[in-house]
Amino acid sequence: MKVFEITNVKDFMNKLLCSDLFDHFLLSEAVIQGKVTYTIDGHLTKDFYTEEERIAEGLDSLSCIPFSMLRTNCYDLIKGKKTPVSFRFIFMLSPDNLRRTLQSTNSSFTENDLNGVFINIRFSDCTLTCTTGVSYRTFSLDHSFEESWDSLVGKFLSSHDISYDIP
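Residues numbered from 1 in each chain as written. Predicted model: local features only at pLDDT ≥ 70, side-chain atom pairs only at ≥ 80, totals over all residues. Heavy atoms only, no water.

A. Here's a closer look at the overall build of the protein. Across its full length, the protein holds five helices and eight strands. Across the 167 residues that make up the protein, the buried fraction comes to 44%. Counting contacts in the protein only where the partners sit at least 6 residues apart, residues at least 24 apart contribute 66% of the total. When the accessible area of the protein is evaluated, it comes to approximately 9600 Å², of which 49% is carbon and sulfur surface. (Helix = DSSP H or I, 4+ residues; strand = E, 2+ residues; numbered from the N terminus. Buried < 20%, exposed > 50% of the residue type's maximum accessible area, 1.4 Å probe, protein only. Contact = heavy atoms within 4.5 Å. Areas by Shrake-Rupley, 256 points an atom, 1.4 Å probe, with all protein chains shown as cover.)

B. A look at unusual backbone geometry. Even without glycine at this site, aspartate 125 takes up a positive phi of about 55°. The phi dihedral of cysteine 126 is positive, around 65°, even though this residue is not glycine. Here cysteine 126 shows up in the loop between β6 (114-124) and β7 (127-136).

C. Geometry of the pairing of strand β3 (residues 37-41). In terms of strand pairing, strand β2 (residues 26-33) meets β3 through five bridges, oriented antiparallel. Following the sheet pairing, isoleucine 32 is matched in β3 by tyrosine 38. Between β2 and the antiparallel strand that follows it, β3, lie three residues. (Pairing = 2+ DSSP bridges.)

D. Quick look at the pattern of salt bridges. Using the criterion set out here, one finds seven salt bridges in the structure. Close ionic contact of aspartate 11 with lysine 15 constitutes a salt bridge, the shortest N to O distance being 3.1 Å. Here aspartate 11 and its partner lysine 15 are both found in helix α1 (residues 9-18), four residues apart, which amounts to about one turn of the helix. Ionic pairing is found between aspartate 60 and arginine 54, a salt bridge with its closest N-O pair at 3.4 Å. Judged by its relative accessible area of 37%, aspartate 60 is partly exposed. The exposure class assigned to arginine 54 is buried, which follows from its relative accessible area of 14%. (Salt bridge = Lys/Arg side-chain N within 4 Å of Asp/Glu carboxyl O.)

E. Just the nonpolar core, in detail. Grouped together as the largest cluster of nonpolar side chains are 49 residues, with contacts concentrated most on Phe12, Leu16, Phe22, Phe89, Phe91 and Ile121. If one sorts the elements of this core by residue count, β6 sits on top with six residues. With sequence-adjacent residues up to four places away left out, isoleucine 121 is seen in contact with Phe12, Leu16, Phe22, Phe87, Arg88, Phe89, Phe91, Leu128, Thr129 and Cys130. (Core = buried A, V, L, I, M, F, W, Y, C linked by side-chain atoms within 4.5 Å.)

F. Quick peek at a negative patch on the surface. A cluster of acidic side chains, namely Glu51, Glu52, Glu53 and Glu57, defines a negative patch on the protein surface. Note that glutamate 51 resides in helix α2 (residues 51-57). By relative accessible area, glutamate 51 is classed as partly exposed at 48%. (Patch = residues over 30% accessible without salt bridge, like charges linked within 9 Å, V, L, I, M, F, W, Y side chains within 5 Å. Lys, Arg positive; Asp, Glu negative; His and termini not counted. Charge placed at Lys NZ, Arg CZ, Asp CG, Glu CD.)

G. Quick look at α1. Listed as buried for α1 are Phe12, Met13, Lys15, Leu16 and Leu17. Where α1 is buried, its residues meet β1 (3-6), α3 (71-78), β5 (86-92), β6, β7 and α5 (144-159).

Dropping the structure here:
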């Protein structure tokens, strides 16, 4: 786990909510606290869609919905003259991106070894942080994949001109 403290909050929020930069992540959960607290459970309600719709939308193998399908909803809840008191977004890699990430890091872990690979974005007390996380299905002393994931998130932020400090 690594914490990245975002130094330009306005720029990051623009990239998060007004661009497709995070659209390829799945949204596990969003909690936005403003005049009231909004909680979005990003877990897909499969019964809402027909099987044909799930296949056409690329949702059939997903447990959570892509952020692209909820980004404008989140934007609408955050926009306004007043800054939210706090918010958090829990993003996870899709099965395809998890597979590619495991391959690119030459990890000995497989998709079956992991519950999820996450980026947690949290805003509170005027501080915005991104925290990495890996959830394993079984205990392991091998943290090499976590270290690789930490590094990949740092590269992702840097390659998109998102400035950060490591607290």
